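Below, each chain spelled out in residue letters.
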Amino acid sequence: MAYVYLHKKDNGEIFYVGKGVGYRAWAKSNRNRYWKNVSKKHGLNVVIFKDGLSHEEALELESELISAIGRDS
């Protein structure tokens, strides 16, 4: 089963929306430069937005959240 997660700065601002399984939400490898810079400067709080999803459901929800929240990079 998959989940959709949010990465938030220490001030609560969302800077990343992702989908994953297992430990992906907490992984710091395979991230882009923007993600690394933001998490290093502002901290990292992981929030599981919704779990127990199929891969397709997770893709759809991730896309909806990115559209609603926006994307910095």
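Residues numbered from 1 in each chain as written. Predicted model: local features only at pLDDT ≥ 70, side-chain atom pairs only at ≥ 80, totals over all residues. Heavy atoms only, no water.

> Is there a simple way to think about unusual backbone geometry in this case?
It is generally the case that most residues other than glycine have a negative phi and that most peptide bonds are trans. Of note, the phi angle at asparagine 30 is positive, near 60 degrees, even though the residue is not glycine. Its location among the elements puts asparagine 30 in the loop between strand 2 (14-20) and helix 1 (33-42). The class of asparagine 30 is exposed, set by a relative accessible area of 71%. (Helix = DSSP H or I, 4+ residues; strand = E, 2+ residues; numbered from the N terminus. Buried < 20%, exposed > 50% of the residue type's maximum accessible area, 1.4 Å probe, protein only.)

> I keep staring at helix 1 and nothing clicks. Help me out?
The α-helix advances 3.6 residues per turn, and as a result positions three or four apart in sequence lie on the same side. Those residues of helix 1 that sit buried are Trp35, Val38 and Ser39. Projected down its long axis, helix 1 carries its buried residues within an arc of 95 degrees, all on one side. Residues of helix 1 that are exposed and point over 90 degrees away from its buried face: Arg33, Lys40 and Lys41. Where helix 1 is buried, its residues contact strand 1 (2-8) and strand 2. Once helix 1 ends, the next one or two residues include glycine 43, with phi positive near 85 degrees. (Arc of directions from axis to C-beta. Contact = heavy atoms within 4.5 Å.)

> What is the right way to look at a nonpolar patch on the surface in this model?
A surface patch of nonpolar side chains, amounting to about 320 Å² of accessible area, comprises Tyr23, Trp26 and Ile48. Along the chain, the position of tryptophan 26 falls in the loop between strand 2 and helix 1. (Patch = residues over 30% accessible without salt bridge, like charges linked within 9 Å, V, L, I, M, F, W, Y side chains within 5 Å. Areas by Shrake-Rupley, 256 points an atom, 1.4 Å probe, with all protein chains shown as cover. Salt bridge = Lys/Arg side-chain N within 4 Å of Asp/Glu carboxyl O.)

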